[in-house]
Protein chains: 2
Amino acid sequence: MLTMQDALTRLTAYWTDQGCLVVQPMNTEVGAGTLNPATLLRVLGPEPWRVVYTEPSVRPDDSRYGENPNRLQTHTQLQVILKSDPGNPQELYLGSLAALGIDVAAHDVRFVEDNWAAPAVGAWGLGWEVWLDGLEITQFTYFQQVGGVNLDPVSVEITYGIERIIMALQEKTHFKQIEYAPGVSYGEVFGQSEYEMSRYYLDDADVEAHRRLLEIYAAEAQRMIDIGLPVPAHSYVLKCSQTFNVLDSRGAVSTADRAAEFARMRRLAGEVARLWIDRRTELGLPLGTVDPLAPARPAATVQTGDGERTLVFEIGTEELPPTELRSAREQVGRLVTEGLAATRLGHGEVRVFGTPRRLIAVVPAVAAREEDHVRTVKGPKVQQAYGPDGTPTKALEGFIRGQGVTLADVETEELAGTPHVVVRKHEAGRAAPAVLAAVLGQVVTGLRAAKNMRWNDPKLAFSRPVRWLTALWGDDVVPVAVSTLAAGRRTRLLRTAEPPVIEIASAETFLETLGVNGIVADHEDRRELIVIGAQDLVYPDGRIDVTGEAALIDQITDLVEQPLPLLGTFDEGYLSLPDAVLTTVMRKHQRYLPVRDEEGALLPMFVTVANGPVDVELVRAGNEGVLRARYEDAAFFYRADREKSLAEMKAHLDRLTFTDRLGSMADRARRIEALALSIAERLGIGSPVLKRAAELVKFDLGSQLVTEMTSLAGVMARDYALHAGEDRPVAQAVYEAELPRNTGDALPASVAGAVLSLADRLDLVAGLAATVGLPTGSSDPFAVRRAVLGLLAVHRATPALAAFDLFDGLSLAEQPVPVPDQVLADSREFLARRLEQLLVEEGQPVDRVRAVLPHAGRPALVDVLLAQLGTAVTDPGFRAVAAAIQRARRIVPAGTVAGYDPAVLKEPAEVALHDAVASVSGFSDVAGFVTAVRPLVEPVGRFFDEVFVMDEDPVLRAARLGLLATVRDLGTGLLDWDHLRM
Amino acid sequence: MLTMQDALTRLTAYWTDQGCLVVQPMNTEVGAGTLNPATLLRVLGPEPWRVVYTEPSVRPDDSRYGENPNRLQTHTQLQVILKSDPGNPQELYLGSLAALGIDVAAHDVRFVEDNWAAPAVGAWGLGWEVWLDGLEITQFTYFQQVGGVNLDPVSVEITYGIERIIMALQEKTHFKQIEYAPGVSYGEVFGQSEYEMSRYYLDDADVEAHRRLLEIYAAEAQRMIDIGLPVPAHSYVLKCSQTFNVLDSRGAVSTADRAAEFARMRRLAGEVARLWIDRRTELGLPLGTVDPLAPARPAATVQTGDGERTLVFEIGTEELPPTELRSAREQVGRLVTEGLAATRLGHGEVRVFGTPRRLIAVVPAVAAREEDHVRTVKGPKVQQAYGPDGTPTKALEGFIRGQGVTLADVETEELAGTPHVVVRKHEAGRAAPAVLAAVLGQVVTGLRAAKNMRWNDPKLAFSRPVRWLTALWGDDVVPVAVSTLAAGRRTRLLRTAEPPVIEIASAETFLETLGVNGIVADHEDRRELIVIGAQDLVYPDGRIDVTGEAALIDQITDLVEQPLPLLGTFDEGYLSLPDAVLTTVMRKHQRYLPVRDEEGALLPMFVTVANGPVDVELVRAGNEGVLRARYEDAAFFYRADREKSLAEMKAHLDRLTFTDRLGSMADRARRIEALALSIAERLGIGSPVLKRAAELVKFDLGSQLVTEMTSLAGVMARDYALHAGEDRPVAQAVYEAELPRNTGDALPASVAGAVLSLADRLDLVAGLAATVGLPTGSSDPFAVRRAVLGLLAVHRATPALAAFDLFDGLSLAEQPVPVPDQVLADSREFLARRLEQLLVEEGQPVDRVRAVLPHAGRPALVDVLLAQLGTAVTDPGFRAVAAAIQRARRIVPAGTVAGYDPAVLKEPAEVALHDAVASVSGFSDVAGFVTAVRPLVEPVGRFFDEVFVMDEDPVLRAARLGLLATVRDLGTGLLDWDHLRM
């Protein structure tokens, strides 16, 4: 059996063979190998660096007294840094797995998007977590920034979670069972330390002492920075970090502390980073510098045919995140289409395909040459081209000389209304390869992702590295060259294919060749394979909810190139865990499809989709093991949580930050509670259920299970509340307070739940609007948009809340920071815009929506009004009044008061209108309005027919305008007549 | 080339193959791998443990900004723990060197005594430093105690100094040149850190912050102990240690701090140790327990001859320290002799031999059997044996039955004057093997060293492990078995011999067989080989001072079994270093013999003595490299020191502790200065030279070179003082202040030097007497005895000091602690006893010595008085007066006052004596006394002849006794008449 110490030795040896130095772990406690200066400092600056080392990584917060099977306060990382990116780091990585004895072709090894950021040290990167049969075994990151400094060159960081890997390879279910060395278990060696250090971090570390340590360390770090010594400074930044983590695990970090401490560490880390670079530069960069890659030379241009041929262009990438893949497909389609349009090459319709590792454009019938073309070159105006005697001026002569033509070639053409001398040049169309090369090159450089990264290419930037280009026009290679990449006719198959790289004969056979070799380029084809395969696997015992799981299936589809659905099972015992726990683990953590019986009850099985022709039994067993471990974890947390009182869990909220300026989650829960009770009081819908539920709200954020799986917030609250003996309505209300969690989610059914839901969201919107601001563009880190949609949905669905104005609610939501009036106004506007958008999407005519939008604070009322308006607009009377009102709005000058002296009115029509207007009764909605204004229909028509408003007599004119202004104002406050189109 | 990282990998792999776990370095700064809990905690308690790990070891005090070629603030240790002792750890260790590619047969690998103690963690052990061609590459220790707890089982600790080893293997002269990884130097990787951390530790670390850290850490350690968590407690003890070291390297540790801090750390470490053992016991000793070795079974007893044969007994050990070897040889001789004497075996004279690895007793002509023997068994008294009727009593019957004899066998014998019944038993002598087995067994168990250790044997204890026994009587194995060892006929040769173990045919051929195989068992033989070999090597260019280096040659002789003298050379440039520096390095650090020319000037060469048939060129080159490095170091320190002012060096004395209660070396230097000036003032011998020298005294203890080589104190002072432009007499006086450094050393030639020397030694004696007490037995850690001998020697040799009383000096030597009168009295007595002993050893008659000993405070005066006394005792007049004085001392009752009424005296003889006594003039020495008392000779004789002192008249009697008392008191204060024998 491969022992843990053997594994470390083998990995170290493997990376040493790849040119890595071996260094030692940091001799002060660190949370990850990344913090070791061999990573955090060495990735800075231009010097090359390759290193491998083991790092016992201390995570005080992960302390579990050694009881949790998968969680340790100190786990072992093996850390590799490749600076710069060698161009094939994934392949090198797979080689390291092989060095561990892992058959990477038999197993399902996957690169699953996982971006990394460590704000406390101003660092981030893009990359993946690597899955081995569903188990995350490695973090793989292209470092982009450290200490706030952009990295150039970029480093590849590979971090192996050794205990994880070994547990999988040794088929152990608890870390203590790991065979650390021959005949010696991990628990025997490290068990006591695990327990004692857990005790220290969770229970016994002296808080006051650590506060003092933090100050001393930070001061020492600052002093060293000031003196210009980055190495000791960095060491003290690490001590700050560890000390902070200990304070945190002891529950001693206030929100203010956290914000301040992170800011301080980030600042210190940034100064250390800049200082390090300066010092290395002063030292003359002892390790040299990385040579940037040379630009690629395009393939020789060869054109073997004159007929129309297919164009295929493949951009080979490292595994793209599914969301980026969708976007990239669209971009490729647009860029190719636009690019071709700018040429004069004849071609068929552009089709685009994509898998995680490739973006493909296929264009049939691309002509061999551009069409020939006449180009008009503009010369001087005719008037200035010829002298009075008709001889060419110097201007014309210059033009002729410049164009290399003779006077005989000159023609005259009217350009922008003025006759000009012109020359017409007949230009032959260029050959397809050259034209296509230019077009395709711009496709690659034009690609952009939501988050772009750099790799070893000196010019390109994209979601993940572009590693190869395949470009064929018919049989010929299109000589595209972009930065360091030159297109050829070779493409890559799965990395585990034999051979992994093949030549493509012609563009026409490209997709077929991929297909023959297992790569399913088309998203829809892959999706179908998955759906049908999954359904087959579970038939007849169960079924897959293809509709309900559509988003998940789409995601899975874009995680594989060659889908292979597999059926796995798990122990029935785990079915005693809440359904949501089980499915959250499956969907969110593992991308497994849940399987249910006819009644919708979960079956103890799942479908996972492997990539490529793996060893099914092996991969199944691996995935089953992973799920077992995760369920074991969940069961552990579930049991532990249930042993705690709700009050204990809620007390934990003090330790959770909401945002820097808005306090802890406990603060937020208190605000929600107060706001909910206040809303209920206003509406007279208070109840003991609401009171108790408000006391409990959000308590489950303090549970271990929700800490692990935040999406279970609410669900677990209900479960734990019931378990703790709370009344079912209370438990339900606490659950419903979290609803809706996303668009289309269930809404609170109880009034108490609805009130809490509103209070939650009002608090969130008001607080964030006042601090970080309302969302703009696509950035909405705190999901304010979703909260607003929740407000609208809950209000519309809850009759008891109809009288409640959300705009008032925003004002009621008191925050620990001042909320300026302008912020409230902006927030109301933001809410109104969301409602408008929502209603329009629901099919309401935009004019009517806008007409009722003044009531956006009461969306339930908006619904009512819109419905009434729908009826009203078919009512001739309403239409007539409305027309009159709008006419009045046009005629009456701004600022005219709706008042007049009736005695001045003389004309029967105006008197009639006056009478009618005066008799309009009160109304509160559109239906009431229709009824109320019905007496006006006739008089108002007559008025406009018979009365000339702008009489010469100013007194009369004023009275008439006043009367009209009164008409104008009918329904003001009910409908916004400006918008209503009749 | 073997890179440094490869070396770590290979060593780790080798030890892993030996069953060691691999663990990671400690994640808090430690000064040595020993402090890692994988050593310091795991060696405690009964669980087995084998481990190998790398430990970057931080020694703030070794910071040199990366400039010193051999010294780093962080060096790399590879640490191995074997618990328990596997029985062959040295052989395993040699295997590890082979794994590094070192040909241990070609190189000179030696185990040189080096005992280890870490008082701050209450730990000690015995072992060696391992030399590779003279280079210390490894520390090899049998741990005996940790945290004050005796270790059972004992652990073997092997600590490789990796940079050292690699520099040797790669033939680099500066650590920065080490090829750390292919194409990457150590300096390129770690140079910056070495510089910056040196800056931090030496110049920039915040002292106040570290003081606070120390308190926080210590408090946290104590809290964890109180809570019962040894693992975090240990971690905080380590943080204390590192913090203390930083404070120390910043020069911020006062003497009081150091003492207190060491005491605190020792106490904490002890508590952690005991707590760890308790916790492991509570946990059920997860790693099991070590099975103690089973007792050995003796060889079958076979006796093949009846004639006298030689007995040979070899006790095979691991390398004994030379001093222990001498003692052990004597013990073996004594134990074998006594053991044989207690048998009735005829035998020749016992001869004893010894090498570092064996103690051998050879006894010729040992009889095959003991002589037969009659034994008398004592029965009841005759009176109680027979009844009145002559029949046997029950007592006699019981005796007969008990002895298994009949009444006829009974005889009668007078025992202690009383007739007893006895039985005479004729006993045959036992066969030699059985008798010898018992005797030899007791030799092994009877061996004791000054410092004894335990190893894997459950019963034995000795200076180093006993690993084998060879015992032959003629052709036969003597069936000795002691604990786990059974003697046989196999002996071991050099570990690198082929084969390393051979069989011995017979006792008679034993020494010859050893000799044939290269082992020179006899000390004198080895010594001769070395002396002759060394002389041959240097002839005719130079010579070895065989007499002057006798002690060193003796030591070298006992460091090898098969001496092979080698000549090495060094660069002539190093001859510019002071002679004492060069020879100190050679003798003390390397055990090399210096080579001088006819005029006694050092030549750039040396002789070293390898053990066994090594590759001469290789070993020569290795030793030359070591010497080069050491001289390079010395030259580095020498240069650095010379760049400092004397004041700077002296300022450094604040950081050196003298003793806990007597302050720093700076305090001591101040005391010496004050005392010297005070002495000089009393004697009127003050001078500007003395004043300046007193200001400087001991300043060189603050130099780097003397810090490295304390034996150069004084020598370097003179050198540096001259270099700094001090007057030669001043420089000489500062040098002479340190004289004499040992018995027979030179003495101060200048008065100033002598005064300082006295002041130095008076301060030491007074201070230590008042704190740790005067030396008793052989224990004298602070060399108080040597200091006292120095006082005597200097006083006797310096006429200018003759008037100075050392007893007064002791009182003048003010200390930071009170010096009670009793301590002063004891110190005076101690000094007097040393002087007595010295003079007697010089051949002075003990009675005269004792007679003048009251003047021991002025030993120069003692010398004068003794010389005069030698003349005086041949003077009849002196003898007569002396006899009279002694007679008077006998006659006159104690308490009689030397006074009387002369008027009462009537007899002419008494009147004459009165007149003579009254006219005795003053005298200040024995010669003066002889002259002064000459007038008394006649009257005193006549008085005794003619006068009856004890007259009946009490008045007269009193007057006569008073007169005699006056005679009695003559010379009192000059001589102690009690002791003088005439």
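Parameters at a glance
- Residues numbered from 1 in each chain as written.
- Chains lettered and ligands numbered in written order.
- Predicted model: local features only at pLDDT ≥ 70, side-chain atom pairs only at ≥ 80, totals over all residues.
- Heavy atoms only, no water.
- Helix = DSSP H or I, 4+ residues; strand = E, 2+ residues; numbered from the N terminus.
- Buried < 20%, exposed > 50% of the residue type's maximum accessible area, 1.4 Å probe, protein only.
- Contact = heavy atoms within 4.5 Å.
- Areas by Shrake-Rupley, 256 points an atom, 1.4 Å probe, with all protein chains shown as cover.
- Lys, Arg positive; Asp, Glu negative; His and termini not counted.
- Charge placed at Lys NZ, Arg CZ, Asp CG, Glu CD.
- Pairing = 2+ DSSP bridges.
- Axes fitted to C-alpha atoms, helices over the stretch in contact; angles between N-to-C directions.
- Buried area = accessible area lost by both parts, 1.4 Å probe.
- Salt bridge = Lys/Arg side-chain N within 4 Å of Asp/Glu carboxyl O.
- Polar contact = N/O pair within 3.5 Å; in protein donor to acceptor, adjacent residues only side chain to side chain.
- Nonpolar A, V, L, I, M, F, W, Y, C, P; charged D, E, K, R; others polar.
- Least-squares fit on C-alpha atoms with pLDDT ≥ 70 in both.

**A short note on the overall build of chain A**
Then, number 1: Helices and strands together make up the secondary structure of chain A, namely 34 helices and 27 strands.
Then, number 2: The principal-axis extents of the C-alpha atoms in chain A amount to approximately 110 × 100 × 70 Å.
Then, number 3: In chain A, buried positions account for 57% of the 982 residues.
Then, number 4: Taking contacts inside chain A between residues at least 6 apart in sequence as the whole, the part at least 24 apart equals 70%.
Then, number 5: Only carbon and sulfur atoms are counted for the fraction: they give 51% of the accessible area of chain A, which is about 38,400 Å².
Then, number 6: One finds the centroid of the 99 positive side-chain charges in chain A at a distance of 4 Å from the centroid of its 133 negative side-chain charges.

**So, the sheet that holds strand β23 (residues 563-569) of chain B**
Residues and elements named next belong to chain B.
Then, number 1: Read from one edge to the other, the open sheet built from 3 strands follows the order β23-β25-β24, with strand pairing classed as antiparallel. In this open sheet, the two strands that pair with only one neighbour each are β23 and β24 (593-596). Strand-to-strand twist across the sheet, computed as the mean angle between neighbouring axes with direction ignored, equals 30 degrees.
Then, number 2: The pairing of β24 with strand β25 (residues 602-611) spans 3 bridges and is classified as antiparallel. Residue pairing for β25: Pro 594 is matched across the bridge by Phe 606.
Then, number 3: Packing of helix α17 (residues 616-642) onto the sheet brings it into contact with β23 and β25, and relative to β23 it is tilted by some 55 degrees.

**Some details on the interface of chain A and chain B**
The accessible area lost on association of the parts is a frequent measure of interface size.
Then, number 1: Contact with chain A, which involves 57 residues of that partner, is made by 57 residues of chain B.
Then, number 2: The contact between chain A and chain B buries some 4,600 Å² in all, and 58% of this surface belongs to carbon and sulfur atoms.
Then, number 3: Linking chain A with chain B are 6 salt bridges, by the criterion used here.
Then, number 4: Inspection of the chain A/chain B interface yields 26 residue pairs in polar contact (both at pLDDT 80 or more).
Then, number 5: Listed by contribution, the elements that provide at least two residues to the side of chain A that touches chain B are α1 (4-17), β1 (21-22), β2 (49-58), β9 (179-181), α5 (186-204), α6 (207-227), α7 (230-249) and α8 (255-282) of chain A.
Then, number 6: Residues belonging to the side of chain A that touches chain B are distributed by class as follows: 34 nonpolar, 10 polar and 13 charged.

**Quick word on the pairing of strand β17 (residues 466-473) of chain B**
When a strand is regular, its side chains alternate between the sheet's two faces.
All names here are of chain B.
Then, number 1: With 8 of 8 residues buried, β17 lies mostly within the body of the structure.
Then, number 2: The pairing of strand β11 (residues 309-317) with β17 spans 7 bridges and is classified as antiparallel. For Glu 314, the partnering residue across the bridge sits in β17 and is Thr 470.
Then, number 3: Bridge count for β17 against strand β18 (residues 476-477) is 2 bridges, and the pairing is antiparallel. The residue of β18 that forms the bridge with Leu 472 is Val 477.
Then, number 4: Taken together, β17 and the strand that follows it, β18, pair antiparallel across an intervening segment of 2 residues, in which Gly 474 is found at a positive phi of about 60 degrees.

**Here we look at the sheet that holds strand β18 (residues 476-477) of chain A**
All names here are of chain A.
Then, number 1: Ordered by their spatial adjacency, 5 strands build an open sheet running β12-β13-β11-β17-β18, and the pairing between neighbours is antiparallel. The sheet is open, and its two borders are formed by β12 (351-355) and β18, each paired with just one other strand.
Then, number 2: Summarising the sheet, strand β11 (residues 309-317) and strand β13 (residues 358-366) pair through 7 bridges and their orientation is antiparallel. Looking at β13, one finds that Ile 315 is bridged to Leu 359.
Then, number 3: Helix α12 (residues 432-446) rests against β11, β13 and β17 (466-473) of the sheet, and its axis sits at about 30 degrees to β11.

**Overview of the relation of the copies chain A and chain B**
Then, number 1: Between chain A and chain B, which share one sequence, the superposing operator has a rotation angle of 180 degrees and an axial displacement of 0.3 Å; the RMSD is 1.1 Å. In short, the pair behaves as if placed about a two-fold rotation axis.
Then, number 2: Same-surface contact between copies: 100% of interface residues of chain A are shared with the interface of chain B.

**What about the environment of Pro954(A)?**
Residues and elements named next belong to chain A.
Then, number 1: With respect to the helices and strands, Pro 954 occurs in helix α34 (residues 954-968).
Then, number 2: A relative accessible area of 52% means that Pro 954 is categorised as exposed.
Then, number 3: Separated by 675 residues in the primary sequence, Pro 954 and Arg 279 have C-alpha atoms spaced 86 Å apart.

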